Amino acid sequence: MNETVTSFAVNFIATIGILFLVIFVVLVIAGVVMYRHDRKQTSQTILRNYPLIGRFRYLFEHLGEFFRQYFFAMDREELPFNRAQRSWAYRAAKNVDNTVAFGSTRDLRRAGTYYFLNCPFPTLSEDSAASQPMRIGPYCREPYDAPSFFNISGMSYGALSKPAVQALSRGAAKAGCWMNTGEGGLSPYHLEGGCDIVFQIGTAKYGVRNSEGLLSDEKLREKAAHPQVKMFELKLSQGAKPGKGGILPAEKVNQEIADIRGIPVGHASISPNRHPDIASMDDLLDRLIHIREVTGKPVGFKLVLGTTDWLDQFCEAVLKRGIESAPDFITLDSADGGTGAAPMPLMDSVGLPVSESLPILVNKLIQYELRDRIRIIVSGKMINPTDVAAAICVGADFVVSARGFMFALGCIQALQCNKNTCPTGVTTHNPDLNQGLVPIDKAERVAHYHHNLVHEVETIAHSCGAPEPRQLKRHHAAVVLDGGRSVPLNIIYPEH
């Protein structure tokens, strides 16, 4: 028996030794091949001067963006979202304790920081009120009484995976909020959860285009016939790329997505940088009125605000036609990026952030007495209660978020949205990757995230003496300016 065990041990060690020797020889051969290749190639100086060893530089450069968020960056340092913001979203989605201890890690002296001005006698729990539905489109055949002030922003099926859209649809139904389709058209997965839908019409008119790529009344009626489709949103521009159309890489355009959008399979889908048939304020109003007449449902438009002088012309054109001709809503996007793939100069440097553009838009509508007619929806990096409450203080009727709900789905900010390699299955159509995203489980997290964010915005409102969030006004908040001093929002942005 002992001899058998000894013989087995000797054979095992010998096998392991041979295996290591084979691996070592293979590595040596591979190293020699790579060394010769690096020495002879002419495109990369580092590799030519430091063959083989220089490869580690590119490896570390690639891995650096992933390791920084775990090992090197402080809680409040990262962009586009820091660890503190992401951690709040994850805990809210999991419905676990979201309290903190031992003081805030937020730099309260940094310019742009919001303070909410609590009152000496906060709203008692028994005096608080649930947020009431708000009507959009009073002049439509089918106005929409939107139940929640916080909703899911536009993300297309194609940019998002099938299980991600399924989870968002089911989660939105549980939460009682709407889901925007994004410009990629209406898929069965948007509808299957039973949530309210906002159909977005992009510059390529995916899902409602005819064979020539023009807007089809027949397909508009077809989409409006779905009782879940509550509103139509005409997208003029978006935060990721103002002035440029949507980009869907060719590897994401499979047969199903091509059929939904009405485009060829396997070809990159690049939308025009604007609607070719809309070149003036009158064209814009004509198009909005036409869509509303065809569908019978509320219609508005989405944009990033850059120049502002056109707002006077827009408001005057509305008043000249009559208040019923106004868009039912305007979705104001922030110019600090979004979920979509975009050139860096557009992502970084074009358009106004919503912190500046929102008070401009609200004040202009007040000036022309259109504020009560046109609802304002705001989007742009608002994934935590503070930013949502601040937007309501300035004048938003609704806030929509894309990346907040992506975090609820399990997004880890891997920055792979445009490469079909998302490790969490949110933005990839690779079945080996998106099989890890289970829609039934993630739908619960979507609903929890919505519920907890709304609850904490309500808590902020109660601290300020407002029974419910939409009663928050500019005098309830202050913002830190350069120099570290805070000034109430009603002083910086007086309503006029």
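Residues numbered from 1 in each chain as written. Predicted model: local features only at pLDDT ≥ 70, side-chain atom pairs only at ≥ 80, totals over all residues. Heavy atoms only, no water.

Moving on: empty space enclosed by the protein. The rolling of a water-molecule-sized probe over the atoms marks out the regions of remaining empty space. The full count for this structure, using the stated rule, is three cavities of 30 Å³ or more. Size it by volume and the second largest cavity reaches roughly 80 Å³. Only strand E5 (178–180), strand E6 (196–201), strand E7 (229–235) and strand E12 (375–379) provide two or more residues apiece to the lining of the second largest cavity. Taken together, the residues of the lining of the second largest cavity break down into six nonpolar, six polar and two charged. (1 Å grid on protein atoms, 1.4 Å probe; cavity = no way out; pocket = protein on both sides within 12 Å on 5 of 7 lines; lining within 4 Å. Points joined across faces, edges and corners; volume = space filled by probe spheres on them. Helix = DSSP H or I, 4+ residues; strand = E, 2+ residues; numbered from the N terminus. Nonpolar A, V, L, I, M, F, W, Y, C, P; charged D, E, K, R; others polar.)

The three strands lie next to each other as E1-E14-E15, forming an open sheet whose pairing is antiparallel. Since the sheet does not close on itself, it has two edges, and those belong to strand E1 (114–116) and strand E15 (486–488), each with one partner. When the angles between neighbouring strand axes are averaged without regard to direction, this sheet yields 30°. In the sheet, strand E14 (residues 477–480) pairs with E15 via three bridges, with the strands oriented antiparallel. Note that in E15 the partner of Val 480 across the bridge is Ser 486. (Pairing = 2+ DSSP bridges. Axes fitted to C-alpha atoms, helices over the stretch in contact; angles between N-to-C directions.)

Here we take up the packing of helix H5 (residues 162–175) against helix H16 (residues 439–463). Working note: a packed helix pair is described by the angle between its axes plus the distance between those axes. Packing of H5 against H16 leaves a shortest axis separation of 7 Å and a crossing angle of 45°. Classed by the angle they form, the pair H5 and H16 counts as oblique. Seen along the crossing, H5 lies across H16 with a hand that is right-handed. Contacts from Pro 163, Gln 166, Ala 167, Leu 168, Arg 170, Gly 171, Ala 172, Lys 174 and Ala 175 in H5 reach Pro 439, Ile 440, Lys 442, Ala 443, Glu 444, Val 446, Ala 447 and His 450 in H16. (Parallel < 35°, antiparallel > 145°, perpendicular 65-115°, else oblique. Left-handed = near helix turned anticlockwise from the far one by under 90°. Contact = heavy atoms within 4.5 Å.)

With that settled, consider the environment of Gly 176. For Gly 176, the position within the fold is in the loop between H5 and E5. Separated by 29 residues in sequence, Gly 176 and Pro 147 have C-alpha atoms that sit 6.6 Å apart. If we skip the residues at most four places from it in the chain, Gly 176 touches Pro 147 and Ser 148.

So, about the pattern of salt bridges. This model, assessed by the stated rule, comprises 16 salt bridges. As a salt-bridge pair, Arg 292 and Asp 328 come within 3.0 Å of each other at their nearest N and O atoms. Of this pair, Arg 292 sits in helix H9 (residues 281–295) while Asp 328 sits in the loop between helix H10 (310–321) and strand E11 (329–333); the two residues are 36 residues apart in sequence, bridging distant segments of the chain. Assigned by exposure class, Arg 292 and Asp 328 land together as buried. Across the pair Asp 441 and Arg 445 runs a salt bridge whose closest N-O atoms are separated by 4.0 Å. Of this pair, Asp 441 and Arg 445 both sit in helix H16, four residues apart, roughly one helical turn. (Salt bridge = Lys/Arg side-chain N within 4 Å of Asp/Glu carboxyl O. Buried < 20%, exposed > 50% of the residue type's maximum accessible area, 1.4 Å probe, protein only.)

Taking the UniProt record as the reference, the feature "transmembrane region" (unreviewed entry) is found at residues 12–35. A helix fraction of 100% and a strand fraction of 0% characterise residues 12–35, whose end C-alpha atoms lie 34 Å from each other. (UniProt positions renumbered as here; feature names shortened; annotations may be inferred.)

Now for helix H4 (residues 83–94). Over its 12 residues, H4 runs 16 Å from end to end, which matches the ideal 16 Å to within 8%, given 1.5 Å per residue. Two residues or fewer after H4 comes Asn 95, characterised by a positive phi angle close to 60°. (Expected span 1.5 Å × (residues − 1).)

This part covers the nonpolar core. Counting 105 residues, the largest nonpolar core has Phe 314, Leu 358 and Tyr 449 as the members making the most contacts within it. Those residues in contact with Leu 358, other than ones at most four positions away along the chain, are Leu 332, Ile 376, Val 378, Ala 391, Val 394 and Ala 396. Counting 11 residues, the second-largest nonpolar core is a separate cluster that includes Ala 146, Trp 178, Val 198 and Met 231. (Core = buried A, V, L, I, M, F, W, Y, C linked by side-chain atoms within 4.5 Å.)

In this section: the packing of H4 against H16. One can describe the packing of H4 onto H16 by two numbers: an axis separation of 6 Å at closest approach and a directional angle of 110°. On the basis of the axis angle, H4 is roughly perpendicular to H16. Helix-helix and strand crossings are classified by hand; for H4 and H16 the assignment is right-handed. Across from Trp 88, Ala 89, Ala 92, Ala 93 and Lys 94 in H4, the residues of H16 making contact are Glu 444, Arg 445, His 448, Tyr 449, Asn 452, Leu 453 and Glu 456. Across the contact of H4 with H16, the residue classes tally to six nonpolar, two polar and four charged.

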